[in-house]
Amino acid sequence: MEEVNLLLSDNLAVIVAALFLIIIALVIWLCSLKNKLSALQAKYDFFTQGKEANIDTVLTDTLSELRQTRQELQELQSRHGKLHEQVQGCLQTVKLTRYDAFDAMGGEMSYSILLADAKKNGVILTSIYGRDESRCYAKNVQDGKSAYPLAEEEKNLL
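A. Structural view of the pattern of salt bridges. For the structure on display, the rule yields 2 salt bridges. Notably, a salt bridge pairs Glu 133 with Arg 135, separated by 3.4 Å at the nearest N-O pair. A relative accessible area of 47% means that Glu 133 is categorised as partly exposed. A residue is classified by how much of its surface remains accessible, and Arg 135, at 45% relative accessible area, is partly exposed. The salt bridge partner of Glu 154 is Lys 139, with a shortest N-O separation of 2.9 Å. Of the two residues, Glu 154 is situated in helix 4 (residues 152-157) and Lys 139 in strand 4 (residues 134-141); the sequence distance between them amounts to 15 residues. On the basis of relative accessibility, which here comes to 1%, the residue Glu 154 falls in the buried class. Taking relative accessible area as the criterion, Lys 139 reaches 14% and is therefore assigned buried.

The rules behind the values
- Residues numbered from 1 in each chain as written.
- Predicted model: local features only at pLDDT ≥ 70, side-chain atom pairs only at ≥ 80, totals over all residues.
- Heavy atoms only, no water.
- Salt bridge = Lys/Arg side-chain N within 4 Å of Asp/Glu carboxyl O.
- Buried < 20%, exposed > 50% of the residue type's maximum accessible area, 1.4 Å probe, protein only.
- Helix = DSSP H or I, 4+ residues; strand = E, 2+ residues; numbered from the N terminus.

Purely geometric numbers; function is a separate question.
Now the structure itself:
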């Protein structure tokens, strides 16, 4: 026993230094664990929304909400598709041009209006103003073309 005491007393400085290094290593490890625990606590608080709850309950509720949200998203996408298709046939293009139909007339009193959908189907309405009379014309437009001859001003609308 004396030999052990003598050995320890001779190497006491080395033993204290080794224990000091072990304590420093343990403190560093403890700080690392504290940071990891804080990050884990933040994630837990995020999932539980700050309430004390069982993680199983939180995950089950979250998955239920996710499934419900997916179903709502599919319904919205279906409605969006129907509305998008419906809108294609609605009036989407409105263009107006004013001009002088006759050289002797001024003030750009004649006009042409294009009313068309996304597929360029619609109508061109034209009013020709003259001193003695005015005339109105309606010409169908299908795929951006008309079966009727178009004036230059009407062609510019397409």
